[in-house]
Amino acid sequence: AGSISVVGEGNSTTTNLQQGLAKAFCSWGHTNHPNGIETFNIASITDTGTGENKPNLTNNMAAAEAPATSGGTTYYGSGGSTQIFNCGLGPVGDEHSTSQFRHLAVRNETGPQDGDYMVIVVYGGLA
C-alpha cells in the first residue's frame, strides 16, 4: 500500500523508496520563531534557551528513536564574518519523543549560541 521498491545500482539490491523519504524537515532563522522558513511536517518551533530549540512535529513518528540529522548552524558575526556551529539533535529532557526533537547549536569557543540559520531532517516511519 504505497510502498515502492527500487532496484539499486548493479541490480543486486532493492531499496524501499517509502522508507527512505524524509518525513519532516525544517529550516529556520532564530528570528523566524515560531514558524520556519521552509517546513514539512513541523507544526512549530519552541525556543527553549540560548542555542536550543525544539521543533514540534505535526504528525508523530512511529518510534521515539527516529533517525534525524541536523545541518550546521550559520551565524553572521560582527564585521561580516561567517561561522559554522556544531549542531546536534538529542532527547527532549531525559527521554526521546515521537513528537518533538531537541536541536542544540554550540559554538566551540563560547558554548551554546543562537544561530541565524538552522536545519533538521527527520527520517523513519510515521505513526
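First, a word on scope: everything that follows refers to the structure included in this document. (Residues numbered from 1 in each chain as written. Predicted model: local features only at pLDDT ≥ 70, side-chain atom pairs only at ≥ 80, totals over all residues. Heavy atoms only, no water.)

What to know about the side chain of N41
Tracing the chain through its elements places N41 in the loop between β4 (38-40) and β5 (42-49). Judged by its relative accessible area of 11%, N41 is buried. At 3.1 Å, the side chain of N41 forms a polar contact with the backbone oxygen of K23. Here N59 takes part through its backbone nitrogen, which lies 2.7 Å from a polar atom of the side chain of N41. Excluding its chain neighbours within four sequence positions, the residues that come into contact with N41 are K23, A24, N56, L57, T58, N59 and L126. (Helix = DSSP H or I, 4+ residues; strand = E, 2+ residues; numbered from the N terminus. Buried < 20%, exposed > 50% of the residue type's maximum accessible area, 1.4 Å probe, protein only. Polar contact = N/O pair within 3.5 Å; in protein donor to acceptor, adjacent residues only side chain to side chain. Contact = heavy atoms within 4.5 Å.)

Quick notes on a nonpolar patch on the surface
Residues I4, V6, L17 and L21 make up a contiguous nonpolar surface patch of about 330 Å² in total accessible area. Among the structural elements, I4 can be located in the segment before β1 (5-7). (Patch = residues over 30% accessible without salt bridge, like charges linked within 9 Å, V, L, I, M, F, W, Y side chains within 5 Å. Areas by Shrake-Rupley, 256 points an atom, 1.4 Å probe, with all protein chains shown as cover. Salt bridge = Lys/Arg side-chain N within 4 Å of Asp/Glu carboxyl O.)

Topic: the pattern of salt bridges
All told, the structure shown has one salt bridge when counted by the stated rule. R102 is the salt-bridge partner of E52, the closest N and O atoms lying 3.1 Å from each other. You can see E52 sitting in strand β6 (residues 52-57) and its partner R102 sitting in strand β10 (residues 102-107), a full 50 residues away along the chain. For R102, a relative accessible area of 25% puts it in the partly exposed group.

Examining the nonpolar core
Membership of the largest hydrophobic core is limited to 12 residues, which are A24, C26, W28, I42, I45, L57, M61, A66, F101, M118, I120 and V122. Contributing elements (two or more residues each) for this core: β3 (24-28), β5 and β12 (118-122). (Core = buried A, V, L, I, M, F, W, Y, C linked by side-chain atoms within 4.5 Å.)

So, the sheet that holds strand β7 (residues 68-70)
Spatial ordering of the open sheet is given by β4-β3-β12-β7, a layout of four strands whose pairing is antiparallel. Looking at which strands have only one partner, the edges of the open sheet turn out to be β4 and β7. Within this sheet the neighbouring strands show an average axis-to-axis angle of 10 degrees, counted without direction. When β7 meets β12, the two strands line up antiparallel, connected through three bridges. Its bridge partner being in β12, T69 is matched across the sheet by V121. (Pairing = 2+ DSSP bridges. Axes fitted to C-alpha atoms, helices over the stretch in contact; angles between N-to-C directions.)

Focus on the pairing of β3
Counting buried residues along β3, four of its five residues qualify, which places the element largely inside the surrounding structure. Two strands pair when backbone bridges link them, and β3 and β12 are joined in this way by five bridges, in the antiparallel orientation. Paired with S27 across the two strands is V119, which belongs to β12.

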